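Observations on chain architecture
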Amino acid sequence: MTPDSGSEQILLVDDNPTNLQVLFKTLEGSGYRLLAARDGEAALYTAKRARPALILLDVMMPGMDGFEVCERLKADPETADIAVIFLSALTDSQSKVHGLAIGGVDYIAKPFQTDEVLARVRTHIKIQRLERALARRNTELEDENQQILNAVEEGILGLDVTGRVTSMNAQAAAITGWPASDCIGELFSQLQLFSGDEALNQSLGLLCAGGVSLRKDHVSINTRTGSIAPVALSGSPRSEGGAVLVLRDISEWLQSQFALEQAREEMDSQRQHLAHIERLSTGGEMAAGIAHEVNQPLTAVTNYARVAQRLVADLPEERRQKMDEVLTKITIQAERAAAVIQRMRSYVKKPSGGRVVLALNAVLEDVLALAEVDSRVNAIPVRLIAAPNLPAIFADEVQLQQVALNLIRNAMESTANAGQSNAVEVSTYLDQGLVCFKVKDFGAGLAPEIEAQLFSPFVTSKEGGMGIGLSVSKSIMQGHGGDIRYQANPDGGAIFSCEFPVHQ
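Read on for a plain summary of the structure.

What counts and how
Residues numbered from 1 in each chain as written. Predicted model: local features only at pLDDT ≥ 70, side-chain atom pairs only at ≥ 80, totals over all residues. Heavy atoms only, no water. Phe/Tyr/Trp six-rings, centres within 6.5 Å; stacked < 30°, edge-to-face > 60°. Helix = DSSP H or I, 4+ residues; strand = E, 2+ residues; numbered from the N terminus. Pairing = 2+ DSSP bridges. Axes fitted to C-alpha atoms, helices over the stretch in contact; angles between N-to-C directions. Contact = heavy atoms within 4.5 Å. Core = buried A, V, L, I, M, F, W, Y, C linked by side-chain atoms within 4.5 Å. Buried < 20%, exposed > 50% of the residue type's maximum accessible area, 1.4 Å probe, protein only. Left-handed = near helix turned anticlockwise from the far one by under 90°. Nonpolar A, V, L, I, M, F, W, Y, C, P; charged D, E, K, R; others polar.

The subject of this paragraph is the packing of aromatic side chains. The full count for this structure, using the stated rule, is four aromatic pairs. Seen from their ring centres, Phe67 and Phe86 are 5.3 Å apart, and the 70° between their planes marks the pair as edge-to-face. Taken together, the residues Phe67 in helix α3 (residues 66–75) and Phe86 in strand β4 (residues 83–88) connect sequence positions 19 residues apart. Centre to centre, the rings of Tyr486 and Phe496 are 5.3 Å apart; their planes meet at 50°, and the pair counts as tilted. Taken together, the residues Tyr486 in strand β16 (residues 483–488) and Phe496 in strand β17 (residues 494–501) connect sequence positions ten residues apart. Taken together, the ring pairs in this structure connect Phe67, Phe86 and Tyr107 into an aromatic cluster.

This is the structure in structure tokens:
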């Protein structure tokens, strides 16, 4: 049977038909639905099936008396919340106390007054309504609180004074790996989240039992899956006893801190490189000035040598020939030194930014002349293998020299460091409509980790190197519509090739 909306059911239990009739007449018209049972067994059956709000229960019944019926009702979870009012001719205090002790809410002595019965029934029905409304509201509040707790980013656990888990939100379950169903009612220490950290476990004990607050900016917890999770931990005591633990996942924050530290280190490194570049720039300007100053005395030496050659014309033939030979050598070496200085001045001068039609072979011959000093220092010869009849290219001569000289110097250093004496080979060729040159060395080659990011800025395999030469070279080549590539030398070492589009 299902109660109508807005009306409660009342079960009347009495073995006396006259008493049942009186009760029916008393409550009839009061707005309640009335049910009847004439013994204990029928009362239990009807109560479990109909779930009435209230039972008016006679105590003195054959077989199962009212007290036993009440005890069995309260023992069954399905009927334990039904209110029971005893009706009995037993008016002694002991009977009343016993009835209330086993779960009855009221005790009406027989013979009863109809007004009294009706008043007490209405009072207890009203109490029932209020209790149900209160329970419903409590449930709603608990649901709302749980929804709020589940919405926050922190993991929150409630602990009682003994350290047992009383509540746990969804984020706490996600952080620890422990579902709430496995934690509620268990000792927090049994979760072994902070196993091995005796000081922290003692602090947790003081938090729950002694109300001592706890705060840790970074601790590691052992999750159920065996992984380690970094968290910020705080614990606050509750006024009613126990504590609240708050866990905040700081793994993303730690990653951000690590990335920030790396960025700072990178910035410091780049600042040092920029300072080095500035020194190189200043050095280039100084080199240009020195070249200009040195060029003047070299010109003077050449002129004086030629004057001396004219002055020795009147000397005896034998002495004149020797002096003329010596002066000729002086002139040749001075002119040669002046040519080197002039090439240096041309290389370090500020680029005009203009591109002109160039012959690649001729540009590389000038670059090899610039590299002559490095060739002597490293004791590594440089050989140019020039392809005939190459088409012209359209490029900035200074930038092209910069790329070629950087590759040739790297090749000589790599070959020398590897203990080889093979000549560095510079060769020109035409490949699929592109004018190309390559520089081949016989050094140690490149490590795989360097090769993977070879043309990135500040990547170098040389001790003390800046790692900007190849990066700048690639930018120059791509700016000319070409490119620069690397491949390993099958005979050991490296091969760098540069390509330019043919000038139309």
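Read on, since the account is not over.
A few words on the sheet that holds strand β8 (residues 214–222). Pairing in this open sheet of five strands is antiparallel, and the strands run β7-β6-β10-β9-β8 from one edge to the other. Every interior strand has two partners, whereas the edge strands, β7 (165–168) and β8, have only one. Ignoring strand direction, the axes of neighbouring strands in this sheet form an average angle of 25°. Pairing of strand β6 (residues 155–159) with strand β10 (residues 243–249) involves five bridges; the strand directions are antiparallel. By the bridge assignment, Ile156 is partnered in β10 with Val246. Strand contacts of helix α8 (residues 198–210): β6, β8, β9 (228–237) and β10, with the helix running at about 125° to β8, the strand carrying the most contacts.

Our next topic: the nonpolar core. Formed by 35 residues in total, the largest nonpolar core has its most connected members in Ile393, Leu400, Leu407, Ile408, Phe437 and Val439. Within the residue set of this core, elements represented by two or more residues are α11 (360–370), β13 (393–395), α13 (397–417), β14 (424–431), β15 (434–440), α15 (469–479), β16 and β17. Broken down by element, the residue count for this core peaks at eight residues, all from α13. In this structure Leu407 touches Phe437, Val439, Leu470, Ile484, Phe496 and Cys498, once residues within four positions along its chain are discounted.

Here we take up the packing of α13 against α15. Helix-helix packing: each pair is described by the crossing angle between the helix axes and the interaxial distance. At a minimum axis distance of 10 Å, the contact between α13 and α15 shows a crossing angle of 140°. The handedness of the crossing between α13 and α15 comes out as left-handed. Packed against α13, whose contacting residues are Gln399, Gln402, Val403, Asn406 and Leu407, the element α15 presents Gly469, Leu470, Val472, Ser473, Ile476 and Met477 at the interface. Residues that form the contact of α13 with α15 fall into these classes: six nonpolar, five polar and no charged.

Before going further, it helps to spend a moment on unusual backbone geometry. With omega at -10°, the peptide bond leading from Lys110 into Pro111 counts as cis. Looking at the secondary structure, you find Pro111 in the loop between β5 (106–109) and α5 (114–151). You will see that Arg51, though not glycine, has its phi angle at about 50°, which is positive. Position of Arg51 relative to the elements: it lies in the loop between α2 (40–50) and β3 (54–58).

Without other data, these values stay purely geometric and don't point to any function.
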